[in-house]
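If you want the building blocks of each chain, they are given just below.
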Amino acid sequence: KIGALVTKIPGIDFTDITDAAKAYFDCVNDNGGINGRPIAYDSQDDGLDPQKGSALATRFANDSSVVAMVGDASFVSCGIAQPIYAPANLYSITGVGVPRSCFFSANLAPLNAGPRLSMVSQAQYFVEKQGVKSIASVGSLLPEIGDWVNGGLTAYAARAGIDVPYKSLAPLPVKDANSIAVKIGGAKPDAYIAAFPGPDNASLLKSAQQQGLQQIGRAHV
């Protein structure tokens with residue numbers, strides 16, 4: 001048995017990761033399993049609900065037949081799962097880590113760089129390849145995400161000697177992308193970086209274009 005905690009709500013759907021893991025495990029099973037033993041893969045949606053995530057993590061940890069977690073992808077479950085997985089000696093090869101705790105938990109190993117390093121690397125590209133002198137940033141107001149992600153840009157900006165004229169965090173899903181685009185435009189940055197989920201980034205970029213900000217360098221994380 002292998003488990004996974006995944007988030008699937010409108011605007012945030014990480015189930016392509018668990019679908020890919022399942023497809024791989026199905027292929028392994030079609031070819032005889034592991035030493036003749038098939039893999040039973042069980043992915044569960046935490047619904048972006050910490051209480052549900054805790055209950056699911058507890059269920060997996062209490063099941064001694066679960067040998068590992070593979071493909072975890074959640075906005076809320078890393079910090080919840082770590083203290084539950086640890087006593088059970090349960091480890092997760094995490095498909096996508098988003099909150100800070102995903103990258104600072106001994107029992108979780110995310111395969112991605114995460115939104116903080118992604119934002120910093122995008123800022124480095126803007127500064128080193130495009131010569132920008134100021135970058136604005138917007139992101140989600142979720143715990144362990146917004147301030148942590150923006151903090152990476154702030155630290156990099158201080159070292160690189162660039163200005164951050166506008167920083168903002170918004171709850172998900174983003175309901176008024178137009179007002180965010182207006183405020184970005186008012187700050188007049190050379191570039192801006194949006195660290196929202198894909199659909200919210202798309203809404204922001206559309207609003208930015210409508211506000212005439214298409215000449216500003218833009219990227220999403």
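Conventions and cut-offs
Residues numbered from 1 in each chain as written. Predicted model: local features only at pLDDT ≥ 70, side-chain atom pairs only at ≥ 80, totals over all residues. Heavy atoms only, no water. Axes fitted to C-alpha atoms, helices over the stretch in contact; angles between N-to-C directions. Helix = DSSP H or I, 4+ residues; strand = E, 2+ residues; numbered from the N terminus. Parallel < 35°, antiparallel > 145°, perpendicular 65-115°, else oblique. Left-handed = near helix turned anticlockwise from the far one by under 90°. Contact = heavy atoms within 4.5 Å. Nonpolar A, V, L, I, M, F, W, Y, C, P; charged D, E, K, R; others polar. Buried < 20%, exposed > 50% of the residue type's maximum accessible area, 1.4 Å probe, protein only. Pairing = 2+ DSSP bridges. Right-handed = clockwise from strand over helix to strand, strands pointing away. Phe/Tyr/Trp six-rings, centres within 6.5 Å; stacked < 30°, edge-to-face > 60°. Lys NZ or Arg CZ within 6 Å of the ring centre and 35° of its normal. Salt bridge = Lys/Arg side-chain N within 4 Å of Asp/Glu carboxyl O.

Right, let's talk about the packing of helix 2 (residues 50-62) against helix 3 (residues 77-85) for a bit. Running from N to C, helix 2 and helix 3 point in directions that differ by 30°, and their axes come no closer than 9 Å. When the axes of helix 2 and helix 3 are compared, the pair comes out roughly parallel. Note on packing geometry: the crossing formed by helix 2 with helix 3 is right-handed. Across the interface between the two elements, P50, G53, S54, A57, T58 and A61 of helix 2 pack against S77, I80, A81, I84 and Y85 of helix 3. Of the residues that constitute the contact of helix 2 with helix 3, the class distribution is seven nonpolar, four polar and no charged.

A few words on the pairing of strand 10 (residues 135-140). The element strand 10 is largely enclosed, with a buried count of six among its six residues. Relative to strand 12 (residues 191-195), strand 10 runs parallel, the two sharing five bridges. From the neighbouring strand, A136 faces strand 12, where its bridge partner is Y192. Here strand 10 pairs with strand 11 (residues 167-170) via four bridges, running parallel. Its bridge partner being in strand 11, S137 is matched across the sheet by K167. Considered for its hand, the β-α-β crossover made up of strand 10, helix 5 (residues 146-160) and strand 11 is right-handed.

Another aspect to go through is the packing of aromatic side chains. Per the stated rule, a full pass over the model turns up five aromatic pairs. Between Y24 and F25, the aromatic rings sit 5.8 Å apart at their centres with planes inclined by 65°, giving edge-to-face as the arrangement. Seen in terms of ring centroids, Y125 and F126 are 6.2 Å apart; in terms of plane orientation they differ by 50°. Their pairing is tilted. Residue Y125 is classed as partly exposed on the basis of its relative accessible area of 42%. The rings of Y24, F25 and Y41 are connected pair by pair, giving a single aromatic cluster. Here the guanidinium or amino end of R59 rests over the ring plane of F60, the centre of that ring lying 5.0 Å away.

Here we take up the pattern of salt bridges. Considering all chains together, one arrives at three salt bridges under this definition. For D42, the salt bridge goes to R59, with nearest N and O atoms at 2.5 Å. Here D42, found in strand 4 (residues 41-45), pairs with R59, found in helix 2; they are 17 residues apart in sequence, far enough to count as distant. A residue is classified by how much of its surface remains accessible, and D42, at 27% relative accessible area, is partly exposed.

For the rest of this paragraph, the subject is the pairing of strand 12. The buried fraction of strand 12 is high, at five of five residues. Neither face of strand 12 is open: one carries A191, I193 and A195, the other Y192 and A194, and all of them are buried.

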